[in-house]
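Commentary on secondary and tertiary structure
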Amino acid sequence: MKESIISLTRKLIEFRTVEKERINEAAEYCAEWLAANGVHARVINNEGLKSVVSVIGEEGPTVILNGHLDVVPAGPDQFIPYVAEGKLYGRGSFDMLGSVAVMMHVMAELVQEELPCKVMLALVPDEEKGGQKGTKYLVEHGLLGDVVICGETTNLDIAVQAKGVLQVEIQIEGVSAHGSRPWLGDNAILNAVETYKRIEELPIFSVSTPYFEHPSLNLARIEAGQAINQVPDCCIMDLDIRYLPGQDPAVLLKEIKGVVNGTVRVLSEGEPVQTNPNHPLIKRLQQAAEHVSGRNIQMFGQHGAADTRFYAARGIPAVEFGPCGANHHGKNEYVDTDSLVTFKEILTDYIFRF
């Protein structure tokens, strides 16, 4: 089983699922693999991107296993997977093609079993770019369940919360002048720097919760200046804010506007995830993970966003839970191969606890 999971993960990595065509090819391959292993799969096309959905089991609650096929860009060498010292290296091995391979094997292994619940596999094409055409579309079209496991990078701990997303564009004005006489102008870049410092000092960015020390504020992009010998009269900066569950993005936006002498435009928003760690279906997952792994499984909060938020917005308990590894979105990304087997055993144990 381990070698089969590794082989499938390697195949998915080799698809280089960064662009639409490659993602769709991978989706078709997954559907064909599932069908060859006795699992009926539906390919759902939304605005040119394909998702794969399968359901096994006849009755009872529905467990959704959600995985994304897309990965972030990388150099060509990172799409040549290899195994060394129990680690499978390659772009997407950890985030999250290893999890996808495991979930597919779970479906293939259990399709002939008499299950105490239904299991829905949802493989989606665009989590790394926001999930609008994949998971959000599936949720909006009624493909829902009673509990959701997104196989993101968690090292076999369980992420029950995730920060919300508020991304804004701020435009700061100045006065242009000749670069040799900057005192005759008003430098928009310097004004933007001072504005950023005021935002950074707002009390809203020093709030903490049991799962998070503070929100995050990232000055992601800055655009200004037309010539080196000119004082810039306009500066645009983009801020990527990850706020805590319990914070109100409308309040954050109001506070930011209060210290900005310029215009503020919202680029993107995403709700936080606040799954109750004491929900019976989540505690049951923790128990299954502890039983199989033989260690204490921690509940924690993720700094980044994932497709869990689309389910959580519907009141469905959703968590991120996946195998062990490191360096997702970076060089030398890898997944621990033994943990792939452990992850599969945990999912199977969990399903039979219903």
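Heads up: the structure comes first, above all this text.
In every chain, residue numbers begin from 1 and rise along the written sequence. Note on the predicted model: pLDDT of at least 70 is required for a residue's local features to be given, and 80 or more for side-chain atom pairs to be given and counted; whole-chain, interface and lining totals, by contrast, use all residues. Note that the side-chain values use all heavy atoms of the structure and ignore hydrogens as well as water.

Positionally, T308 belongs in helix α8 (residues 308-312). The classification of residues rests on relative accessible area computed with a 1.4 Å probe and restricted to protein chains. Under 20% of the type maximum is buried, over 50% is exposed, and intermediate values are partly exposed. Looking at T308, the relative accessible area reads 1%, which means it is buried. Residues in contact with T308, not counting those within four places in the same chain, are C150, V273, A318, V319 and E320. Helix numbering and strand numbering both begin at the N terminus, where a helix is a DSSP run of H or I of at least 4 residues and a strand a DSSP run of E of at least 2. Here, residues are in contact when the closest pair of their heavy atoms is within 4.5 Å.

Relative placement of two packed helices is described by the angle separating their axes and the distance separating the axes. The axes used here are C-alpha line fits, helices contributing only the stretch in contact, and every angle between their N-to-C directions lies in the interval 0 to 180 degrees. Following both chains from N to C, one finds helix α2 (residues 20-36) and helix α3 (residues 93-110) inclined at 25 degrees, their axes separated by 9 Å at the closest point. Comparing their axes, α3 and α2 come out roughly parallel. In this structure, α2 crosses over α3, and the sense of that crossing is right-handed. Contacts from C30, W33 and L34 of α2 reach α3 at M104, H105, M107 and A108. Here the angle decides the label: under 35 degrees means roughly parallel, over 145 means roughly antiparallel, 65 to 115 means roughly perpendicular, and every other value means oblique. With the far helix as reference, a near helix turned anticlockwise by less than a right angle produces a left-handed crossing, and one turned clockwise produces a right-handed crossing.

Before going further, it helps to examine the environment of F205. Within the secondary structure layout, F205 lies in the loop between α5 (188-200) and β10 (216-224). For F205, a relative accessible area of 12% corresponds to the buried category. Here the alpha-carbon distance between F205 and A224, two residues 19 residues apart in the chain, equals 26 Å.

Our next topic: the pattern of salt bridges. For salt bridges, the criterion is a side-chain nitrogen of Lys or Arg within 4 Å of an Asp or Glu carboxyl oxygen. Going through the model one piece at a time under the given rule, you end up with twelve salt bridges. One salt bridge in this structure joins K197 and E194, with 3.9 Å as the shortest N-O distance. Of this pair, K197 and E194 both sit in helix α5, separated by three residues, roughly a single helical turn. Judged by relative accessible area, which is 41%, K197 ranks as partly exposed. Given the relative accessible area of 42%, E194 is considered partly exposed. For D240, the salt bridge identified is with R242, shortest N-O distance 2.8 Å. Overall, the relative accessible area of 19% leaves R242 in the buried class.

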